[in-house]
Amino acid sequence: MTGFVDAADILKGRYEEGADVKVRGWIYTSRSSGGIQFLELRDGSGVIQCTLNRRNIDETTFNEVERYPLETALELKGVVKKDERAPGGWELRVNSIGDVYVSQQDYPIVKKEQGLEFLMDNRHLYVREPKLQNIFQIRAKFLEAARDWFREKGYTEVHTPMFMTASVEGGSTLFNVEYFGRKGVYLSQSWQLYAEALISSMGKIYTIAPSFRAEPSRTRRHLSEFLHLELEEPWTDLDGIMTTGDRLVSHIANVLGEEIPEKVRKAGGDPDYLAGLKPPFPRMSYDDAVDTVQKQGVEMYWGDDFGWQQEGPLTEQFEKPTWIVGYPSGIKPFYHMPNPDRAEVTMSADLLAPAGYGEIIGGGQRVHDYEQLYQRTIDDGLDPSNYAWYMDLRKWGTVPHSGFGLGVERVLMWMLNLEHIRDTVPFPRDMRRVYP
Ligand code: ATP
Ligand code: MG
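These numbers come from a predicted model, not from an experiment.

Enquirer: Can you help me understand the overall build of the protein in this one?
Expert: When helices and strands are tallied, the protein shows 14 helices and 18 strands. Every one of the 436 residues in the protein was classed for burial, and the buried ones make up 52%. Long-range pairs, those at least 24 residues apart, make up 65% of the contacts in the protein between residues at least 6 apart in sequence. Accessible surface, the protein as shown: approximately 20600 Å² in total, 50% of it carbon and sulfur. Computed over 50 positive and 65 negative side-chain charges, the inter-centroid distance for the protein is 5 Å.

Written out as structure tokens, the structure is:
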């Protein structure tokens, strides 16, 4: 057979009732009742109900289809029908069958409750579940929306190495790699250092690439490999970069809420909220945030970083994502610019998502002065010689610049109200899991 259509297009009503179409996919569910065989066919775009009526199809074909195990892949030709009883309101009344790729019996993933560990061990099969398929499609749309926004606003996408010799976000989450027998090589935690070299080459830039963190704790919102959307802009200060963040995050939310509301709802999100999210986002000083958390009775001292114990209660009442501005120097990496009026805090800001989700962006203004950067490196207990090329950037045409890093999985988790970060990614990596 040739000329196949997508299940999703039938479900969107793109084909008139009575239209002859061909579909192909995998049998997701199968049951028979009263001389009719009901198949739910999953084709990558969605799941469409296909029915075979004993009266309209030859006996041998009907009996064969009845015996096909789940996940058998096949081609079907039939007529499109609107039917309220079918999931999604449309079905295909099958009149002939093309190629068939018969599956083995006993597909391990069954429709009844199965333990988390079992499902994670069988993730290579579990990724076929429509629930996950839907989230992965939303994730793709998310990235498309981000790239559209960057193109429209004049940013260029660029990629930087994953193997590097310096720590960016602190040594405790560095992954060592054995690099041709050489020590002192790590997996990238952020594109930060390279981005600052590239702004003098390309101007406003962004990347969408994995970052690696040896996160020693098991939380609902940390992966050891995550997709990091980072941007860096020359001639931009802290205020400017927060405004950029407001617009980017709102744009992505609006696209998801307006263009794929059904998918968002199916995943657990609220498309109306996303469609209605508008900049600017509120801003709160780090000092006020600490006060608020203390008043809530949660233990925290000025100078501490927020963990989930603090960000949870702090963001519970937020309606929009909110910037926390001006973190103490001691808890921000050396490249953050100290506040000229108040040296103990930095020109930094993290964006915290509402409803307990917490940090989704970390960013701010960078040190552009050579002497100041040198001092910050020493103060942070780092060896400036490890950052020689990075320091060099301040010698030739250094300008004020700012940027941020956004965790794609974190934002998805918040936008879709997910309980755990793991389902935003097909094969999540954490402390305990690198298989499959
Ligand atoms: P956290 O305090 O939550 O560990 P962080 O301060 O280490 O975050 P940054 O170094 O500022 O995070 O990284 C920028 C963004 O990348 C974060 O705001 C978050 O969205 C995302 N991110 C950081 N670490 C992880 C991780 N281990 N898993 C998933 N996303 C992450
Ligand atoms: Mg971290």
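Enquirer: I tried to follow the environment of I360 on my own but got confused; where do I start?
Expert: Mapped onto the fold, I360 is located in strand β17 (residues 358-365). Under the relative-accessibility criterion, I360 is labelled buried at 4%. The spatial distance from the C-alpha of I360 to the C-alpha of P321 is 8.9 Å, given a sequence separation of 39 residues. Filtering out sequence-adjacent residues up to four positions away, I360 remains in contact with L351, A353, G405, L406, G407, R410, V411 and W414.

Enquirer: Honestly, the site of ligand 1 in this entry has me stumped. Any pointers?
Expert: Close to ligand 1 lie 16 residues, the nearest being H222, L223, E359, I360 and R410. A distance of 3.0 Å is found between an oxygen atom of ligand 1 and a side-chain nitrogen or oxygen belonging to R213. At 2.7 Å from an oxygen atom of ligand 1 is found a side-chain nitrogen or oxygen belonging to E359. Protein chains bury 88% of the 590 Å² of accessible surface belonging to ligand 1 in isolation. Of all the elements in the fold, those that place two or more residues in the shell around ligand 1 are β11 (225-234), β17 and β18 (401-407). The element contributing the most residues to the shell around ligand 1 is β17, with 4 residues.

Enquirer: I'm lost on the sheet that holds strand β7 (residues 163-164) in this one. Help?
Expert: Hydrogen bonds between backbone groups are what pair the strands of a sheet, and the pairing can be parallel or antiparallel. Pairing in this open sheet of 3 strands is antiparallel, and the strands run β7-β9-β8 from one edge to the other. At either margin of the open sheet sits one strand with a lone partner, and together these are β7 and β8 (176-179). The sheet contact formed by β7 and strand β9 (residues 182-187) spans 2 bridges and is antiparallel. Looking at β9, one finds that F163 is bridged to L187.

Enquirer: What should I look at first to understand helix α12 (residues 370-379) in this one?
Expert: A turn of α-helix holds 3.6 residues, and therefore any two residues three or four places apart point the same way. Every buried residue of α12 is accounted for by L373, R376 and T377. One side of α12 carries all its buried residues, which in axial view fall inside an arc of 100°. Summarising the geometry of α12, the exposed residues directed more than 90 degrees from the buried face are E371 and D379. Taken together, the buried residues of α12 touch β14 (338-339), β15 (342-346) and α13 (388-392).

Enquirer: I'm lost on the sheet that holds strand β16 (residues 348-353) in this one. Help?
Expert: Spatially, β6-β10-β11-β18-β17-β16-β13-β12 is the arrangement adopted by the 8 strands of the open sheet, whose pairing is mixed. If you trace the sheet from one side to the other, it starts and ends with β6 (156-157) and β12 (283-285), each paired once. Pairing analysis gives 6 bridges linking β16 to β17, with the strands arranged antiparallel. Directly across from A353, in β17, lies its bridge partner G358. Each of β11, β16, β17 and β18 is contacted by helix α14 (residues 408-415), which is oriented at about 60° to β18, the strand it contacts most.

Cut-offs and rules
- Residues numbered from 1 in each chain as written.
- Chains lettered and ligands numbered in written order.
- Predicted model: local features only at pLDDT ≥ 70, side-chain atom pairs only at ≥ 80, totals over all residues.
- Heavy atoms only, no water.
- Helix = DSSP H or I, 4+ residues; strand = E, 2+ residues; numbered from the N terminus.
- Buried < 20%, exposed > 50% of the residue type's maximum accessible area, 1.4 Å probe, protein only.
- Contact = heavy atoms within 4.5 Å.
- Areas by Shrake-Rupley, 256 points an atom, 1.4 Å probe, with all protein chains shown as cover.
- Lys, Arg positive; Asp, Glu negative; His and termini not counted.
- Charge placed at Lys NZ, Arg CZ, Asp CG, Glu CD.
- Near = heavy atom within 4 Å.
- Polar contact = N/O pair within 3.5 Å; in protein donor to acceptor, adjacent residues only side chain to side chain.
- Pairing = 2+ DSSP bridges.
- Arc of directions from axis to C-beta.
- Axes fitted to C-alpha atoms, helices over the stretch in contact; angles between N-to-C directions.

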